[in-house]
Amino acid sequence: MEQGNILTYEGPFGIQIISALAKFLRENCDASELTRVKLYKVFIELAQNVALYSLDKVKFFNNSDIGKGKVNVIEAGNNLYCTTINEIQKEHGYILNANCAEINKATKNELQIKKKKLHRLAEFEDTGAHVGLIMISFYSENPLSYEIINDKDTDKMYFKISAIIKKL
Amino acid sequence: MENLKIKINPDQIYFPAINFNCETGICEISGESYMEETYRFYEPVLNWLNTYFLEKKPIIFNVKLTYFNTSSSRFILEILFKLKKYQLEGGDVIVNWYYKKQDADMLSEINDFVDETALEINTLFFN
């Protein structure tokens, strides 16, 4: 299967960077408007997960902690793959695994019910509504591809997630 | 009270534009919404609505957002709940939500908001 790299980035996921990369994808990806919009939405959700939840953080000029990680967008066959990797706390590996598995086996209706429940539970000052993974699944219209990676050399744990978007 | 007006900065397109008019009751939110620290942006917006509702005047709420992230959706839901509460208390409320015809994901989001809030939302296409 023929592959083409569209975008690769590694570093802090500050909002200005996310916005610039998202704009690049929207304007430069060779796909229909509908597919580019889906990629744009998926990219921002995935990138903001890294910004908020990566264990590896950097202090920005405004003194905020911004998560670091990697993102890669490739085109393979008739699909676009948007993948992020970021360090996580070891106790979060099991939870993320369970959340993704639950999303993948749920029907769309079940996910909508879950989303509503999470919306109601979210605190007012919460930085995320914790429904990002569900929205990525909705937008991409494909199961999430995910992996918890244990790096034995560094004794660190990473969360790798890919959203697959069929080119329409 | 004063109108609430926030223009879109081309370098910060992750903040939506806000144009809330306390004289006409026409309130509009447009653009994209995926900023950091979402509550810092939406808190004054919610406070403005609370103050406006004290005047017992009609409100036409126009949503022209082309994208909002999950964190923003939590606050949009909060706004819609406030509008519904105002309506139940006798307030005159009209909500118009504009979206691109081909954006089925947005229509699905709007329908979810209707289900969650029981607020009637008129869906309209962007010109």
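Right above here is the structure, for reference.
Conventions used here
- Residues numbered from 1 in each chain as written.
- Chains lettered and ligands numbered in written order.
- Predicted model: local features only at pLDDT ≥ 70, side-chain atom pairs only at ≥ 80, totals over all residues.
- Heavy atoms only, no water.
- Helix = DSSP H or I, 4+ residues; strand = E, 2+ residues; numbered from the N terminus.
- Rg over C-alpha atoms; globule rule 2.2 N^0.38 Å.
- Buried < 20%, exposed > 50% of the residue type's maximum accessible area, 1.4 Å probe, protein only.
- Contact = heavy atoms within 4.5 Å.
- Areas by Shrake-Rupley, 256 points an atom, 1.4 Å probe, with all protein chains shown as cover.
- Lys, Arg positive; Asp, Glu negative; His and termini not counted.
- Charge placed at Lys NZ, Arg CZ, Asp CG, Glu CD.
- Patch = residues over 30% accessible without salt bridge, like charges linked within 9 Å, V, L, I, M, F, W, Y side chains within 5 Å.
- Salt bridge = Lys/Arg side-chain N within 4 Å of Asp/Glu carboxyl O.
- Phe/Tyr/Trp six-rings, centres within 6.5 Å; stacked < 30°, edge-to-face > 60°.
- Disulfide = S-S within 2.5 Å.
- Buried area = accessible area lost by both parts, 1.4 Å probe.
- Pairing = 2+ DSSP bridges.
- Axes fitted to C-alpha atoms, helices over the stretch in contact; angles between N-to-C directions.
- 1 Å grid on protein atoms, 1.4 Å probe; cavity = no way out; pocket = protein on both sides within 12 Å on 5 of 7 lines; lining within 4 Å.
- Points joined across faces, edges and corners; volume = space filled by probe spheres on them.
- Nonpolar A, V, L, I, M, F, W, Y, C, P; charged D, E, K, R; others polar.

1. Quick notes on the overall build of chain B
Here comes step 1: A tally of regular secondary structure across chain B gives 3 helices and 6 strands.
Here comes step 2: Reading chain B from its N end, one meets helices and strands in the order β-β-β-α-β-α-β-α-β.
Here comes step 3: Compactness check: chain B gives a C-alpha radius of gyration of 14 Å against a globular reference of 14 Å for 127 residues, within 12% of the reference.
Here comes step 4: Burial statistics for chain B: of 127 residues in total, 50% are counted as buried.
Here comes step 5: Partitioning the intrachain contacts of chain B with sequence separation of at least 6 by distance along the chain shows that 66% fall at a separation of at least 24.
Here comes step 6: Counting only carbon and sulfur atoms, one obtains 50% of the accessible surface of chain B, whose full area is about 6,000 Å².
Here comes step 7: Side-chain charges in chain B split into 12 positive and 19 negative, and the spacing between the mean points of these groups amounts to 5 Å.

2. A look at a nonpolar patch on the surface
Residues and elements named next belong to chain B.
Here comes step 1: Residues Ile-26, Ile-60 and Ile-94 make up a contiguous nonpolar surface patch of about 210 Å² in total accessible area.
Here comes step 2: Along the chain, the position of Ile-26 falls in strand β3 (residues 26-33).
Here comes step 3: By relative accessible area, Ile-26 is classed as partly exposed at 38%.

3. Looking at the environment of Ser-30 of chain B
Residues and elements named next belong to chain B.
Here comes step 1: Checked against the element boundaries, Ser-30 lands in strand β3.
Here comes step 2: Here Ser-30 falls in the buried class, since its relative accessible area comes to 17%.
Here comes step 3: With residues up to four places along the chain from it excluded, the contact list for Ser-30 reads Ile-8, Pro-16, Ala-17, Lys-64 and Leu-65.

4. Topic: the pattern of salt bridges
Here comes step 1: Per the stated rule, a full pass over the model turns up 19 salt bridges over all chains.
Here comes step 2: Ionic pairing is found between Glu-37 of chain B and Arg-40 of chain B, a salt bridge with its closest N-O pair at 3.2 Å.
Here comes step 3: Owing to a relative accessible area of 39%, Glu-37 of chain B belongs among the partly exposed residues under this scheme.
Here comes step 4: Through salt bridges with shared partners, a single network forms among Arg-26, Glu-33 and Arg-36 of chain A together with Glu-32 of chain B.

5. Section: the packing of aromatic side chains
Here comes step 1: This structure, assessed with the given rule, holds 18 aromatic pairs over all chains.
Here comes step 2: Relative to Tyr-42 of chain B, the ring of Phe-41 of chain B lies with its centre 5.0 Å away and its plane at 80 degrees, an arrangement referred to as edge-to-face. For the pair formed by Phe-41 of chain B and Tyr-42 of chain B, the shared burial category is buried.
Here comes step 3: Here the aromatic rings of Phe-68 of chain B and Phe-113 of chain B are separated by 6.0 Å at their centres, their planes lie at 40 degrees, and the arrangement is tilted. Placement of the pair is Phe-68 of chain B in strand β4 (residues 59-68) and Phe-113 of chain B in helix α3 (residues 104-117), with a sequence separation of 45 residues. By the burial criterion, Phe-68 of chain B is buried, and Phe-113 of chain B matches it.
Here comes step 4: Every member of this aromatic cluster is reached through a ring pair, and the members are Tyr-40 of chain A together with Tyr-14, Phe-15, Tyr-34, Phe-41, Tyr-42, Tyr-67 and Phe-75 of chain B.

6. Description of the state of the cysteines
Covalent bonding between the sulfur atoms of two cysteines is what defines a disulfide.
Residue and element names in this part refer to chain B.
Here comes step 1: Per the counting criterion, the structure on display carries 0 disulfides over all chains.
Here comes step 2: Considering cysteine sulfurs only, Cys-27 is the nearest to Cys-22, which forms no disulfide, with 8.7 Å between them.
Here comes step 3: The exposure class assigned to Cys-27 is buried, which follows from its relative accessible area of 0%.

7. Quick word on the interface of chain B and chain A
Here comes step 1: Counting from both sides, the interface comprises 32 residues of chain B and, opposite them, 32 residues of chain A.
Here comes step 2: Carbon and sulfur atoms supply 48% of the area that chain B and chain A bury against each other, a total of about 2,800 Å² over both sides.
Here comes step 3: When the area that chain B buries against chain A is broken down by residue, the three leading residues are Tyr-67, Thr-70 and Arg-74 of chain B, summing to 21%.
Here comes step 4: Our count for the chain B to chain A interface comes out at 6 salt bridges.

8. Looking at the sheet that holds strand β5 (residues 93-99) of chain B
Residues and elements named next belong to chain B.
Here comes step 1: If you walk across this open sheet you meet the 6 strands as β1-β2-β3-β4-β5-β6, and the pairing is mixed. The sheet is open, and its two edges are formed by β1 (4-6) and β6 (122-125), each paired on a single side. On average, each strand axis in the sheet is inclined to that of its neighbour by 15 degrees, with strand direction left out of account.
Here comes step 2: Inspection of the sheet shows β3 paired to β4 by 8 bridges, in the parallel sense. Paired with Ser-30 across the bridge in β4 is Lys-64.

9. Some thoughts on empty space enclosed by the protein
Here comes step 1: Tallied over the entire structure, the rule returns 3 cavities of 30 Å³ or more.
Here comes step 2: Of the voids in this model, the largest cavity is the one considered here, and its volume is about 140 Å³.
Here comes step 3: Val-37 and Lys-41 of chain A together with Thr-66, Lys-100 and Asp-103 of chain B are the residues nearest the centre of the largest cavity, which is lined by 18 residues in total.
Here comes step 4: Among the secondary structure elements, those contributing two or more residues to the lining of the largest cavity are α2 (33-53) of chain A together with β4, β5 and α3 of chain B.
Here comes step 5: The dominant element in the lining of the largest cavity, judged by the number of residues it contributes, is α2 of chain A, at 6 residues.
Here comes step 6: When grouped by side-chain class, the residues that make up the lining of the largest cavity number 9 nonpolar, 2 polar and 7 charged.
Here comes step 7: Space inside the second largest cavity adds up to approximately 40 Å³.
Here comes step 8: Lining the second largest cavity are Glu-45, Lys-115, Val-131, Met-135 and Tyr-139 of chain A together with Phe-68, Asn-69, Thr-70, Ser-73 and Glu-109 of chain B.
Here comes step 9: Broken down by secondary-structure element, the contributors of at least two residues to the lining of the second largest cavity are α5 (132-140) of chain A together with α2 (70-88) of chain B.
Here comes step 10: In terms of residue class, the lining of the second largest cavity is made up of 4 nonpolar, 3 polar and 3 charged.

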